[in-house]
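Spelled out, the chains give:
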Amino acid sequence: MNPYVLAILLSSLGLGTTLTFASSHWLLAWMGLEINTLAIIPLMAQHHHPRAVEATTKYFLTQATAAAMIMFASTTNAWITGEWDMNNMSNPIASAMIITALALKIGLAPMHFWMPEVLQGLDLLTGLILSTWQKLAPFALIIQTAQAVDPMLLTALGITSTLVGGWGGLNQTQLRKILAYSSIAHMGWMIIILQYAPQLTLLALGTYIFMTSAAFLTLKTSSATKINTLTMIWSKNPTLATTTALVLLSLGGLPPLTGFMPKWLILQELAKQNLPITATIMALAALLSLYFYLRLCYAMTLTISPNTTNSITPWRTQTTQSSLPLTLSTTIALGLLPMTPAILMLTT
C-alpha cells in the first residue's frame, strides 16, 4: 500500500476514535465511529484475497447495522427528551438499543458471530488493529451510557460473552479464531464489572490490549496462523517460544502474570457487591479459556515438531520487522502484577 494512503488511513483511525472520546453529543460520537469504520475498511481489503474481501464485507455490514441502530436510538431519545446529550439517556428502550448496538460493534455475545469469521480473513497486523484499537471508541460510549442501562442486561451480556468465548475457542485450530474467541471472553469480563466499578473495566481493557498485542506481534514475527505451525517455533527461536507461552498464560489469567490482576480485582469487586454466584460463574468460565491457551502452550513448548509437516516450512532468514513493539508489549503483558497496589491507589 502507498505510504501516503496508509498515513491518511491510520490518521483517520486516530481521528475517529479521538472524536468519539471527546464528544458528549450523539451525532458527533456517531460520526467518530463512522470515520473509524471507513478508515479500517481499505486496510482490511488491501490484500485483494477473496477471504479478505469477504471479511471486509461482513465487517462493513455489521458495523453499518450497529451505526444505524445507534443513530435510531439516539434520535428516539432526542425526540422524547429534547436533547442529544449522552448523559441524559432517560428512555429505557433507547438506552437498551444503544448498548445492544455497541455490543454488536465490539463483538459481545450473542452479537459475536461476525468476529471470528472477520478476524480469520485478515492478516495479523490488521487483526491486531481490529482486536485492540477498534474496541476503544465503542467502549468509551459504553462506559458513558452504562449507568442508564438495566443492570440485568449488562450482567447477561457479560456472562454470555465469557461462556461463549470459552466454549467457542475449544475446538479451533486457527490461531486468529482462537484470539477472536479470547477477545469475546475478555469483553465479557469488562462488561460484567462496568456497573459496579468502571475503573476496573478500563484496567481490564488496558491489560487486554497489551496482552493481545503481544500475542499478535509474536504470531506475526513467527508467521504462524495455525496450531501446527506453532510446533516449529521452538526449534527456530526458543526465547520467543518461552515468552509466547507466558503471554498466553497471562491471557488466561494465571498468577504471577499481568493477566491475573484484572480478573482478581473483578472477582473481588463482585464478591464485595454480594454477587457470589456471578463471581463463581465468571471464574469457571475463565477455566474454559485457560484450556485452549494451555493447548497452544502444549503445542508450542512440549511437542517436538515432526520431520514431515503439513504446512510450508518457512525459511530461516533474519526478520526485517521491528522487535521493539513486541518487546514492550510482552514485558507489560508479563510483569505488571507487582504494580497492583499502585494501580489500585490510582483507580480508587
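Residues numbered from 1 in each chain as written. Predicted model: local features only at pLDDT ≥ 70, side-chain atom pairs only at ≥ 80, totals over all residues. Heavy atoms only, no water.

## Focus on the environment of D150
Then step 1. Checked against the element boundaries, D150 lands in the loop between α7 (133–145) and α8 (151–168).
Then step 2. Counting along the chain gives 154 residues from D150 to I304, while the straight-line C-alpha distance between them is 51 Å. (Helix = DSSP H or I, 4+ residues; strand = E, 2+ residues; numbered from the N terminus.)

## Observations concerning the UniProt feature "transmembrane region" (unreviewed entry) in the protein
Then step 1. UniProt's entry tags residues 57–80, 92–113, 152–171, 178–196, 202–219, 240–257, 277–294 and 326–346 with the feature "transmembrane region" (unreviewed entry), counted in the numbering of this structure.
Then step 2. Helix makes up 85% of residues 152–171 and strand 0%, with an end-to-end C-alpha separation of 30 Å.
Then step 3. The span residues 178–196 is 79% helix and 0% strand, and its two end C-alpha atoms sit 29 Å from each other. (UniProt positions renumbered as here; feature names shortened; annotations may be inferred.)

## Here we look at the side chain of R176
Then step 1. Tracing the chain through its elements places R176 in helix α9 (residues 175–192).
Then step 2. Here R176 is buried and forms no salt bridge, its nearest opposite-charge partner D123 lying at an N-O distance of 7.2 Å. (Buried < 20%, exposed > 50% of the residue type's maximum accessible area, 1.4 Å probe, protein only. Lys, Arg positive; Asp, Glu negative; His and termini not counted. Salt bridge = Lys/Arg side-chain N within 4 Å of Asp/Glu carboxyl O.)

## What to know about the domain arrangement of the protein
Then step 1. Domain boundaries assigned for the protein yield domain 1 (1–127) and domain 2 (150–306 + 325–347).
Then step 2. With centres defined by C-alpha atoms, the gap from domain 1 to domain 2 works out at 24 Å.
Then step 3. On the side of domain 2, 22 residues touch domain 1, which itself brings 20 residues to the contact.
Then step 4. Of the roughly 1,800 Å² buried between domain 1 and domain 2, counting both surfaces, carbon and sulfur atoms make up 78%.
Then step 5. The largest contributions to the domain 1 side of the interface with domain 2 come from L108, Q120 and L124, which together make up 36% of the buried area.
Then step 6. Our enumeration of links across domain 1 and domain 2 arrives at one salt bridge.
Then step 7. At the level of elements, α4 (92–106), α5 (114–120) and α6 (124–131) are the ones that each hand at least two residues to the side of domain 1 that touches domain 2.
Then step 8. Of all the elements, α5 adds the most residues to the side of domain 1 that touches domain 2, at five residues.
Then step 9. For the side of domain 1 that touches domain 2, the residue count by class is 14 nonpolar, four polar and two charged. (Domains from an automatic or database assignment. Contact = heavy atoms within 4.5 Å. Buried area = accessible area lost by both parts, 1.4 Å probe. Nonpolar A, V, L, I, M, F, W, Y, C, P; charged D, E, K, R; others polar.)

## Observations concerning a nonpolar patch on the surface
Then step 1. A contiguous nonpolar surface patch, about 320 Å² in accessible area, is contributed by M1, V5, L6 and L10.
Then step 2. For L10, the position within the fold is in helix α1 (residues 3–22).
Then step 3. Owing to a relative accessible area of 40%, L10 belongs among the partly exposed residues under this scheme. (Patch = residues over 30% accessible without salt bridge, like charges linked within 9 Å, V, L, I, M, F, W, Y side chains within 5 Å. Areas by Shrake-Rupley, 256 points an atom, 1.4 Å probe, with all protein chains shown as cover.)

## Re the environment of L102
Then step 1. Mapped onto the elements, L102 comes out in helix α4.
Then step 2. Taking relative accessible area as the criterion, L102 reaches 0% and is therefore assigned buried.
Then step 3. Measuring from C-alpha to C-alpha, the distance between L102 and L27 comes to 15 Å, with 75 residues separating the pair along the chain.

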